[in-house]
Amino acid sequence: MGETTFRVWRGERGKGDFADYRTEVGEGMVVLDAMHQIQAESAGDLAVRWNCKAGKCGSCSAEINGKPRLMCMTRMDELPAGEAVTVEPMRAFPHVRDLVTDVSWNFEVKKKVKPFKPRAPDAPDGTWRMQQEDVDRVQEFRKCIECFLCQDVCHVLRDHHKHDEFIGPRFFVHSAALEMHPLDVEDRVHELKETQGIGYCNITKCCTAVCPEHITITDNAIIPLKERVVDEFYDPVMKLVKLFRRKP
């Protein structure tokens, strides 16, 4: 494939600039291969986070030509031939160094989502009975590798910095996996509306577009959660039902 120019962000704590590196790109290479090659040839101190190089750990998230992607899953032959490739850190999280960002905020957010709370067993032997279609519904959400690309592309976090009011697509998926679980009886709807900011999402589906696991984040997780919030707080029929239930 020949030599390719990479414009790589270099710097610390949000300060820095792009530096150009040229390296030989061969057949089958991915962007992460090129970053490792640049480290070996001309920038030994380039900070790059990675682990499995198989698209399963979510560690090598970055922005490639302006789009949040996994470096290990972005093949060089998918990018425009003959053009420089821009590689920069995710913008929705605090910058640490070069291509590395601090994503620890996400792990703190996860702690705020109410955990799984199963209903009482159905049978005397302590087991439960579930419909297969209910089990299948939540399996998709378990594919998440927590790369946080959906968090990075979301305008509420990326552009408006609502980190204190909005948990983001990744944790709406997590909430949906719990809320839709056939055994779960916990109620998370109030938190989704009041403290987790689901109302900020305007369902542009940008999170779904960047998910490397092809989870249908918007249609299968966020919209059903929004519907639960509407049913609970804004449905006039439900308001009447609750009003009459309160009467002695």
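Just so you know, these numbers come straight off a predicted model, no measurement behind them.

**Comments concerning the overall build of the protein**
Looking only at helices and strands, one finds 10 helices and seven strands in the protein. In terms of overall dimensions, the protein has a C-alpha envelope of 75 × 40 × 30 Å along the principal axes. Counting across all 248 residues of the protein, residues that qualify as buried make up 44%. The long-range share in the protein, meaning contacts at least 24 apart out of those at least 6 apart in sequence, stands at 61%.

**With respect to the pattern of salt bridges**
Across all of its chains, the model carries 26 salt bridges by this definition. E78 serves as the salt-bridge partner of R69, at 3.2 Å between the closest nitrogen and oxygen. Of the residues examined, E78 reaches a relative accessible area of 45% and is grouped as partly exposed. Between R158 and D152 there is a salt bridge; the shortest N-O distance is 3.4 Å. For the pair shown, R158 and D152 are each scored as buried. The structure contains a network of salt bridges with shared partners spanning E63, E88, R91, D152 and R158.

**Quick word on the environment of N65**
For N65, the position within the fold is in the loop between β3 (61–64) and β4 (67–70). The spacing of N65 and K162 is 97 residues in sequence and 25 Å in space, taken between C-alpha atoms. Excluding residues within four positions of it along the chain, N65 makes contact with L79, P80, A84, V85 and T86.

**With respect to the environment of E88**
Summarising the element assignment, E88 is placed in strand β5 (residues 85–88). The buried category is assigned to E88, whose relative accessible area is 12%. Taking the C-alpha atoms as reference points, E88 and I64, 24 residues apart in sequence, are found 6.7 Å from one another. Excluding its chain neighbours within four sequence positions, the residues that come into contact with E88 are W9, F18, A62, E63, G66 and L99. Among the polar contacts made by the side chain of E88, one reaches the side chain of R91 at a distance of 3.2 Å.

**Brief notes about the pairing of β3**
Of the two faces of β3, the one holding S61 and E63 and the one holding A62 and I64 are both buried throughout. Sheet analysis places β3 next to β5, joined by two bridges and oriented antiparallel. By the bridge assignment for β5, E63 is matched with E88.

**Structural notes on the packing of helix α2 (residues 104–112) against helix α6 (residues 169–179)**
Put simply, α2 and α6 touch, their axes get as near as 10 Å, and they point 30° apart. With respect to α6, the axis of α2 lies roughly parallel. Crossing angle aside, the handedness with which α2 passes α6 is right-handed. Two secondary-structure elements touch here, α2 through N106, V109 and K110 and α6 through R170, F171 and H174.

**Side note on empty space enclosed by the protein**
Following the criterion strictly, the structure yields two cavities of 30 Å³ or more and no others. In this structure, the largest cavity encloses a volume near 100 Å³. Along the walls of the largest cavity sit 13 residues, with C144, C147, C150, C211 and I217 positioned nearest its centre. Sorting the residues of the lining of the largest cavity by element identifies α4 (149–153) and α6 as the ones contributing at least two each. Size it by volume and the second largest cavity reaches roughly 80 Å³. If you trace the second largest cavity, you find 14 residues lining it, with C154, P169, C201, C206 and C207 closest to the centre. Of all elements in the fold, only α6, α8 (206–210) and α9 (217–233) reach the threshold of two or more residues within the lining of the second largest cavity. By residue class, the composition of the lining of the second largest cavity is nine nonpolar, four polar and one charged.

Cut-offs applied
In every chain, residue numbers begin from 1 and rise along the written sequence. It should be noted that, the model being predicted, local features are given only for residues of pLDDT at least 70 and side-chain atom pairs only at 80 or more, the latter also being counted only at that level, while totals for whole chains, interfaces and linings use all residues. Only hydrogens and water are set aside; all other atoms, that is, all heavy atoms of the structure, feed into the side-chain values. Put simply, DSSP marks the helices as runs of H or I at least four residues long and the strands as runs of E at least two long, and each gets a number from the N terminus on. Think of it in three bands: residues with accessible area under 20% of the maximum for their type are buried, residues over 50% are exposed, and the middle band is partly exposed, with areas taken using a 1.4 Å probe on protein chains only. Only heavy atoms matter for contacts: two residues are in contact if any of them lie within 4.5 Å across the pair. Salt-bridge detection follows one rule: a side-chain nitrogen of Lys or Arg within 4 Å of a carboxyl oxygen of Asp or Glu. Counted as a polar contact is a pair of N or O atoms within 3.5 Å, where, for protein atoms, one must be capable of donating a hydrogen and the other of accepting one, and residues adjacent in sequence contribute only when both atoms are in side chains. For two strands to be treated as a pair, DSSP must find no fewer than two bridges joining them. To define axes, lines are fitted to C-alpha atoms, for helices over the stretch in contact only, and angles between the resulting N-to-C directions are given on a 0 to 180 degree scale. The labels follow the angle: roughly parallel below 35 degrees, roughly antiparallel above 145, roughly perpendicular from 65 to 115, and oblique for the rest. By definition, turning the near helix anticlockwise from the far helix through less than a right angle yields a left-handed crossing, and turning it clockwise yields a right-handed one. Cavities and pockets are defined on a 1 Å grid built over the protein atoms alone: a cavity is a set of grid points where a 1.4 Å probe fits but cannot escape, while a pocket is an open set with protein on both sides within 12 Å along at least five of seven lines, and lining residues are those with an atom within 4 Å of any such point. Grid points are joined across faces, edges and corners, and a volume is the space filled by probe spheres set on the points. Gly is put with the polar residues, along with every residue not named as nonpolar or charged; the nonpolar set is Ala, Val, Leu, Ile, Met, Phe, Trp, Tyr, Cys and Pro, and the charged set is Asp, Glu, Lys and Arg.

Function cannot be inferred from these measures alone, as they are strictly geometric.
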